[in-house]
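Coordinates in review
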Amino acid sequence: FFHEMNWKLKVACITLDRLGRRRAMVLSLSIVLMTLIVLGVYAYLAPPQPTISQINNGSDTNWSWIPLASLMIYMFGVNLGVTCVPWILSSEYFPTSIRSQATSVCACSASLLGFAVLQMYGIMVESLGQPGLYWTYAVIAAVGIAFTLGLMKETSGKTIG
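Residues numbered from 1 in each chain as written. Predicted model: local features only at pLDDT ≥ 70, side-chain atom pairs only at ≥ 80, totals over all residues. Heavy atoms only, no water.

Under an unreviewed UniProt entry, the chain has the name Major facilitator superfamily (MFS) profile domain-containing protein and belongs to Meganyctiphanes norvegica. The Subcellular location (unreviewed entry) field of the UniProt record for the chain holds the comment "Membrane". (UniProt positions renumbered as here; feature names shortened; annotations may be inferred.)

Quick look at the structure:
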């Protein structure tokens, strides 16, 4: 587990230094957006599970690799920016005098929002269905791209504090 996190952190640091925070965040959210759209389309169009006789006869068209590939690409995209840029920015945006308190508020808010998202999952699946849930998250990623392009300041290479 820690080896995997160390590898992801190294890739993220190299990416953030070369691309900058804004570009990395836009790239990350774009990958997330595309994979969520693909997952939503797959969930919407997915054929029913093949029967044993269809599998044995070779008559089933197997598209079951699409969700796994999408999820792998999604995780790659998330780790490029969505999971690390907010934490880096929370330490770069705030002045040194309030940095620890402000970062604590950010961490607490992120934990509460994560908890709320997990609690809403069942309700959202029941009301939107699996495809609708993926597409809702894709819309949120699109809003994140617009927010990043419109309001996020680039801090790479600038003095902080």
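1. Focus on the nonpolar core
Leu16, Met25, Leu29, Val32, Cys84, Val85 and Met152 are the most contacted members of the largest nonpolar core, which totals 16 residues. Broken down by secondary-structure element, the contributors of at least two residues to this core are helix 1 (2-19), helix 2 (21-45), helix 5 (85-93) and helix 6 (99-151). Look past the residues within four positions of Met25 in its chain and what remains in contact with it is Gly81, Val82, Val85, Pro86, Thr148 and Met152. (Core = buried A, V, L, I, M, F, W, Y, C linked by side-chain atoms within 4.5 Å. Buried < 20%, exposed > 50% of the residue type's maximum accessible area, 1.4 Å probe, protein only. Helix = DSSP H or I, 4+ residues; strand = E, 2+ residues; numbered from the N terminus. Contact = heavy atoms within 4.5 Å.)

2. Quick look at the environment of Leu39
Examined against the element boundaries, Leu39 turns out to sit in helix 2. The residues touching Leu39, leaving out its near neighbours within four places in the chain, are Pro67, Ser70 and Tyr134.

3. Side note on the packing of helix 5 against helix 6
At a minimum axis separation of 9 Å, helix 5 and helix 6 run at an interaxial angle of 155°. The angle between helix 5 and helix 6 places the two elements in the roughly antiparallel class. In terms of crossing hand, the pair formed by helix 5 and helix 6 is right-handed. In this structure, helix 5 contributes Trp87, Ser90 and Ser91 to the contact, and helix 6 contributes Arg99, Thr103, Cys106, Ala107 and Ala110. Among the residues forming the contact of helix 5 with helix 6, the class breakdown is four nonpolar, three polar and one charged. (Axes fitted to C-alpha atoms, helices over the stretch in contact; angles between N-to-C directions. Parallel < 35°, antiparallel > 145°, perpendicular 65-115°, else oblique. Left-handed = near helix turned anticlockwise from the far one by under 90°. Nonpolar A, V, L, I, M, F, W, Y, C, P; charged D, E, K, R; others polar.)

4. Quick look at the UniProt feature "transmembrane region" (unreviewed entry) in the chain
Mapped onto this numbering, the UniProt entry annotates "transmembrane region" (unreviewed entry) at residues 24-45, 65-90, 102-122 and 134-152. Secondary structure content for residues 65-90 is 92% helix and 0% strand, while the C-alpha to C-alpha distance between its ends is 38 Å. With 100% helix and 0% strand, the stretch residues 102-122 has end C-alpha atoms that lie 32 Å from each other.

5. Looking at the side chain of Arg21
Here Arg21 shows up in helix 2. If we skip the residues at most four places from it in the chain, Arg21 touches Leu16, Val85, Ile88, Leu89, Glu92, Met152, Glu154, Thr155 and Ser156.

6. Let's talk about helix 4 (residues 65-82)
Across its 18 residues, helix 4 extends 25 Å between first and last C-alpha, which sits within 8% of the 26 Å expected from 1.5 Å per residue. Here helix 4 has its buried residues at Ile66, Ser70, Gly77, Val78, Asn79, Leu80 and Gly81. (Expected span 1.5 Å × (residues − 1).)

7. Comments concerning the layout of surface pockets
Put simply, the largest pocket is a space of about 1500 Å³. Of the residues forming the lining of the largest pocket, the biggest block, 18 residues, is contributed by helix 6. The class makeup of the residues in the lining of the largest pocket is 30 nonpolar, seven polar and no charged. (1 Å grid on protein atoms, 1.4 Å probe; cavity = no way out; pocket = protein on both sides within 12 Å on 5 of 7 lines; lining within 4 Å. Points joined across faces, edges and corners; volume = space filled by probe spheres on them.)

8. With respect to the environment of Ala141
As for its position among the elements, Ala141 is in helix 6. Assessed through its relative accessible area of 5%, Ala141 is described here as buried. For Ala141 and Val32, which are 109 residues apart along the polypeptide, the C-alpha to C-alpha distance reads 6.8 Å.

9. A closer look at the pattern of salt bridges
Scanning the model with the defined rule gives one salt bridge in all. One salt bridge in this structure joins Glu92 and Arg21, with 2.7 Å as the shortest N-O distance. Separated by 71 residues along the polypeptide, Glu92 in helix 5 and Arg21 in helix 2 bring together distant segments of the chain. Across this residue pair, the class does not change: Glu92 and Arg21 are buried. (Salt bridge = Lys/Arg side-chain N within 4 Å of Asp/Glu carboxyl O.)

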